[in-house]
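Here are the chains, one letter per residue:
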Protein chains: 2
Amino acid sequence: MATVTSHSVSGICAAARQAARGLAQLDSATKDAALEGIATALLSSIPEILEANERDLEAGRRAGLSSALLDRLSLDEGRVAATADGVRDIAALPDPVGEVIDGFRRPNGLDVRKVRVPLGVIAVVYEARPNVTIDAAALCLKSGNGIVLRGSSSAAHSNAVLAGLAAEAATAAGVPEGAIGLLGGGEREELAELATQNGVVDLIIPRGGEGLKDALEAVATVPVIYAASGNCHVYVDASADVDAARAIVLNAKLQRPGVCNSAETLLVHSAVASELLGPTLRALADAGVELRVDERTREHAAELDGSLRQAEDADWATEFLDLTLAVKVVDTVGEAIEHVNRYGSGHSEAIVTRDTGAARAFQLGVDAACVYVNASTRFTDGGEFGMGAEIGNSTQKLHARGPIGLRELCTFKYLVEGDGQVRP
Amino acid sequence: MATVTSHSVSGICAAARQAARGLAQLDSATKDAALEGIATALLSSIPEILEANERDLEAGRRAGLSSALLDRLSLDEGRVAATADGVRDIAALPDPVGEVIDGFRRPNGLDVRKVRVPLGVIAVVYEARPNVTIDAAALCLKSGNGIVLRGSSSAAHSNAVLAGLAAEAATAAGVPEGAIGLLGGGEREELAELATQNGVVDLIIPRGGEGLKDALEAVATVPVIYAASGNCHVYVDASADVDAARAIVLNAKLQRPGVCNSAETLLVHSAVASELLGPTLRALADAGVELRVDERTREHAAELDGSLRQAEDADWATEFLDLTLAVKVVDTVGEAIEHVNRYGSGHSEAIVTRDTGAARAFQLGVDAACVYVNASTRFTDGGEFGMGAEIGNSTQKLHARGPIGLRELCTFKYLVEGDGQVRP
């Protein structure tokens, strides 16, 4: 436990870098044993964890944190057990390290293999939820990376206990000391120092809101992958099965409105607008959704007039993350694609259609990480894609796009074998 | 030709972005026809190209450019023909766009495909060589990307003619107008404006020296992949076949000393130092190589004493790009790995050995894009790897590592198809 929270930012990062060398070469069995050790330690330390968490909660209450924030900060036996289960799930995933991605023999006899290897040291910067301490550490450990964690100061006691347990269990299983480091989570200077550890930290992954993103963008020289926002659309085409369309729209908006892969705008082809909009918008309004609509939507759903609010231009570009939906009528699939590419954040976009031409046009034309035909946008998730746990979803195009799972926490190298080849 | 050199930086970038939408969906036949058109246009416009080049050369002579720089700037019939051949080689490569990288059916019946798609708009910033105008444009076009070229002002006339021919031939073949844009190549403000075109330019690839890299690092907010320097090592293990080792060392140093995958440091196990060093260093010295050696190398090659210079600490970290080699004796493969990871730039590293344990330790332990067993470092090259032409070699770990070919100029998206799936 001397390895966490006890040093400077540069000291903790350097220790993780040093540990990363050995970590990269650990066999899967050792890493999985360390993960099992972490899960066991969590379950056998619940009183200690909850006591530390209570200290954070008490401080939070004194500081006047909102009840939503206090809930995110709060742990109980069930949440700790679920976190331990998550660690065991990660242990059960295939080891990404050493996977041969590509391989071939060249005409001169050289054998080339492109092999997945850890990135090195990954820093994860996150806000209130203390379970991220364990989730992130487990994903980075399984992928053979050194880990630097930086939670928020509001969860400092919880994070210290959790990271300490994880580090201790990992070391006991044979993981090099220093592999899991925790920063204090205090001042902005700490973040700036972390974000400029070039050559020591290979990647920073922030998990948090726009404020954190802005703070990092302003200072980071280390590469950052932003687990970014999702302004996602469902487009219901002229040829759509209206029942399927309604089910998909309701699911994409209501199943979990506060997450990045939920829908924020509904686009409807004018040919099905009358048939679709009345019942669908009524169901949404009954579920408490605020509807911000264009003129034509109002015409097609006149019976709902009292529940409709005029959409403003900003609504098309907003990730509400809440029970709010923007609605617009379009006349062609091309117009829908145009709208999605203009306002979308490149996360998850869906078309509901029975027309192969419209489906193909939408999948080819929409520039986003995940483009769905006849399915809810809510499936953009490492678990739903069969990749196992994820550390977030990327809307950037370089390195990782979509769910960031174990493979995305790796790079690769070319291993080339010969018997004396020289270049003529 | 109205599409090049005639607008503002933001105008040219926006045109490329606009064109990129259509470009991403062009079939391979159209792109290959455009490339063939460019090759034909180059060959039928040699007088025009050489005339423009002569104006650059004249201005360069007046400005007192070195003869090396003038040589890099200079085109002749053979160089233009070779450039046209290069374009045809790129046309003959498989189209990376649409390749299915991964695909699976989920238990709920969703079909997921991970499909390669263009990045969008790629800017290439380069120095004197005007042929890069065509090489870069051809690679970006084949990979379905909009292109913004920024050459140096010293090659402005040559680049304008070359980019104009390429843009005209591409448009004639059905590529959207604006797909190939050329900036003036003048002031630093232009570079800064280009490097901050977030949301318009997806990636910047600089091809040039450290000055260009520093200039970009200071201002870029758009992602940059640096085609970086190579401080490459050859390590000759205790068990090496000494003849093979000598051949590999000579090839890695001498075959083309001015490029990034040539060797800069020779590490030799003490057990073979006496046998290897005398003849190898003599051959190197005879070829004009300056040898900067540690104490122990001097002891093992006493007969060469007059040709040996004491290595300084900075020599281990230097990419000489010239007829200079640092030489050091080590006692274990572990010591060699330690040295390589400390001083290397993560480009290309080689071990010469007959010992499987040493080979495995070196390949696993060395953190570099390409790790060779019993072959010259000079093979790190898109062509040598069978990837076709490359736009450079990356020593960074995110997105592209090693040769940057057509696939590395792409991202991917997940295409998901269902029949009404919603998330429970």
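Residues numbered from 1 in each chain as written. Chains lettered and ligands numbered in written order. Predicted model: local features only at pLDDT ≥ 70, side-chain atom pairs only at ≥ 80, totals over all residues.

Which parts of the structure should I look at to understand the relation of the copies chain B and chain A?
Each of the two copies of the chain can be brought onto the other by a rotation about an axis and a shift along it. For the pair chain B and chain A, the best superposition has an RMSD of 0.1 Å and corresponds to a rotation of 180 degrees with a translation of 0.0 Å parallel to the axis. In symmetry terms, the pair is related by a two-fold rotation axis. Scanning chain B for the C-alpha nearest the rotation axis identifies H399 of chain B, at a separation of 1.9 Å. When you check the interface residues of chain B against chain A, 100% turn up at the interface there too, and the contact is symmetric in its surfaces. (Least-squares fit on C-alpha atoms with pLDDT ≥ 70 in both. Contact = placed C-beta atoms within 7 Å.)

I tried to follow the interface of chain B and chain A on my own but got confused; where do I start?
Interface size is commonly expressed as the accessible surface area that is lost when the partners come together. Of the residues lining the interface, 47 residues belong to chain B; the matching set on chain A comes to 47 residues. Elements with a minimum of two residues in the side of chain B that touches chain A: α10 (242-254), α15 (356-365), β13 (370-375) and β16 (410-421) of chain B. The element that contributes the greatest number of residues to the side of chain B that touches chain A is β16 of chain B, accounting for 11 residues. Looking at the side of chain B that touches chain A residue by residue, the class counts come to 25 nonpolar, 13 polar and 9 charged. Here strand β16 (residues 410-421) of chain A runs beside β13 of chain B; their pairing, made up of 5 bridges, is parallel. In the sheet register, L415 of chain A faces β13 of chain B, and the bridge partner there is V371 of chain B. (Helix = DSSP H or I, 4+ residues; strand = E, 2+ residues; numbered from the N terminus. Nonpolar A, V, L, I, M, F, W, Y, C, P; charged D, E, K, R; others polar. Pairing = 2+ DSSP bridges.)

What is the right way to read the confidence of the model for chain A from this model?
Interpretation of the predicted coordinates at a detailed level should be avoided for regions scoring low in pLDDT. Residues and elements named next belong to chain A. Mean pLDDT for chain A: 94, with 99% of residues reaching 70 or above. Here residues 1-6 is modelled with pLDDT under 50, and outside its nearest four sequence neighbours on either side it reaches 17 contacts, counting other chains as well. Predicted as a complex, the structure gets a pTM of 0.93 and an ipTM equal to 0.93. (pLDDT = per-residue confidence, 0-100.)

Please explain unusual backbone geometry as it appears in this structure.
It is generally the case that most residues other than glycine have a negative phi and that most peptide bonds are trans. Residue and element names in this part refer to chain A. Even without being glycine, L321 reaches a positive phi, approximately 55 degrees. Take L321: it is sitting in the loop between α13 (313-316) and β11 (324-330). Judged by the 16 C-beta atoms lying within 10 Å of it, L321 is partly exposed. The phi dihedral of H399 falls on the positive side, at around 70 degrees, and the residue is not glycine. By the secondary structure assignment, H399 is in the loop between β14 (393-394) and β15 (402-403). Taking the C-beta count within 10 Å as the criterion, H399 has 20 such neighbours and is therefore assigned buried. (Buried ≥ 20, exposed ≤ 12 C-beta atoms within 10 Å, placed from the backbone.)

What am I meant to see in the domain arrangement of chain A here?
Parsing chain A into structural domains produces domain 1 (9-227 + 404-416) and domain 2 (232-379). Placing a centre on the C-alpha atoms of domain 1 of chain A and another on those of domain 2 of chain A gives a separation of 36 Å. (Domains from an automatic or database assignment.)

So what exactly am I meant to see when it comes to the environment of V416 of chain B here?
Within the secondary structure, V416 of chain B is located in strand β16. Once the C-alpha coordinates of V416 of chain B and G230 of chain B are considered, the two residues, 186 residues apart in sequence, prove to be 41 Å apart. Ignoring sequence-local partners within four residues, the contact set of V416 of chain B consists of C370, Y372, A375 and F379 of chain A together with L110 and V112 of chain B.

Would you take a moment to explain the environment of G181 of chain A for this structure?
In this structure, G181 of chain A sits in strand β5 (residues 180-182). On a C-alpha basis, the gap between G181 of chain A and L304 of chain A in space is 55 Å, while along the polypeptide they are 123 residues apart.

Which parts of the structure should I look at to understand the sheet that holds strand β6 (residues 203-207) of chain A?
Across a sheet, paired strands are connected by hydrogen bonds in the backbone, their directions being either parallel or antiparallel. Residues and elements named next belong to chain A. The strand order across the open sheet formed by 4 strands is β5-β4-β3-β6, and the pairing between neighbours is parallel. On the outer flanks of this sheet lie β5 and β6, each paired with one strand and no other. Strand-to-strand twist in this sheet, taken as the mean axis angle between neighbours without regard to direction, amounts to 20 degrees. Relative to β5, strand β4 (residues 146-150) is paired through 3 bridges, and the arrangement is parallel. Residue pairing for β5: V148 is matched across the bridge by G181. (Axes fitted to C-alpha atoms, helices over the stretch in contact; angles between N-to-C directions.)

Would you mind going over the packing of helix α5 (residues 77-92) of chain B against helix α6 (residues 131-142) of chain B with me for this structure?
The packing of two helices is summarised by the inter-axis angle and the distance between the axes. Residue and element names in this part refer to chain B. Their axes nearest at 10 Å, the elements α5 and α6 cross at an angle of 10 degrees. Classed by the angle they form, the pair α5 and α6 counts as roughly parallel. Contacts between α5 and α6 pair R79, T83, G86, V87 and I90 from the former with N131, I134, D135, A138, L139 and K142 from the latter. Its residues placed into classes, the contact of α5 with α6 shows 5 nonpolar, 3 polar and 3 charged. (Parallel < 35°, antiparallel > 145°, perpendicular 65-115°, else oblique.)

I tried to follow the sheet that holds β16 of chain A on my own but got confused; where do I start?
If you trace the 10 strands from one edge of the open sheet to the other, you get β1(A)-β2(A)-β16(A)-β13(B)-β12(B)-β7(B)-β8(B)-β11(B)-β9(B)-β10(B), paired in mixed fashion. Strands at the two margins of the open sheet, each flanked by one partner only, are β1 (100-105) of chain A together with β10 (308-310) of chain B. Pairs of neighbouring strands in the sheet enclose a mean axial angle of 25 degrees, with direction left out of account. As paired strands, strand β9 (residues 290-293) of chain B and β10 of chain B are joined by 3 bridges and run parallel to one another.

Looking at this structure, I do not really get the environment of V272 of chain B. What am I missing?
All names here are of chain B. You can see V272 is positioned in helix α11 (residues 270-286). In this structure the C-alpha to C-alpha distance between V272 and Y226, which are 46 residues apart in sequence, comes to 37 Å. Discounting residues that sit within four places of it in the chain, V272 has contacts with V236, A238, A240 and V242.

Explain the pairing of strand β1 (residues 100-105) of chain B to me, please; I cannot follow it from the model alone.
Residue and element names in this part refer to chain B. Counting buried residues in β1 gives 0 out of 6 residues, a small share hidden from the surface. Of the strand pairs in this sheet, β1 and strand β2 (residues 111-118) are connected by 5 bridges, and their pairing is antiparallel. Considered in β2, the bridge of D102 is made with K114. Linking β1 back to β2 in an antiparallel pair, the connection comprises 5 residues, with G109 at a positive phi of about 95 degrees.

Sorry, what's going on with α6 of chain B here?
One turn of an α-helix holds 3.6 residues; hence residues three or four places apart share an orientation. Residues and elements named next belong to chain B. Spanning 12 residues, α6 covers 17 Å between terminal C-alpha atoms, matching the ideal 16 Å at 1.5 Å per step. Taken across its 12 residues, α6 has 11 buried, putting it largely inside the fold. Restricting attention to buried positions, one finds in α6 the residues V132, T133, I134, D135, A136, A137, A138, L139, C140, L141 and K142. Remark: G144 follows α6 within two positions and exhibits a positive phi of approximately 80 degrees. (Expected span 1.5 Å × (residues − 1).)

Hey, could you run me through helix α6 (residues 131-142) of chain A in this one?
By the criterion of burial, α6 of chain A is predominantly enclosed, with 12 of the 12 residues buried. Of the positions making up α6 of chain A, those classed as buried are N131, V132, T133, I134, D135, A136, A137, A138, L139, C140, L141 and K142 of chain A.

Before we go on, may I ask you to explain the packing of helix α2 (residues 28-44) of chain A against helix α7 (residues 156-172) of chain A in this structure?
Residue and element names in this part refer to chain A. Following both chains from N to C, one finds α2 and α7 inclined at 140 degrees, their axes separated by 8 Å at the closest point. Considered as vectors, α2 and α7 are oriented oblique to each other. As for the relative orientation of α2 and α7, their crossing is right-handed in sense. Along the contact surface, α2 presents A34, G37, I38, A41 and L42, while α7 presents L165, A166, A169, A170 and A172. Class assignment for the residues of the contact of α2 with α7 results in 9 nonpolar, 1 polar and no charged. (Left-handed = near helix turned anticlockwise from the far one by under 90°.)

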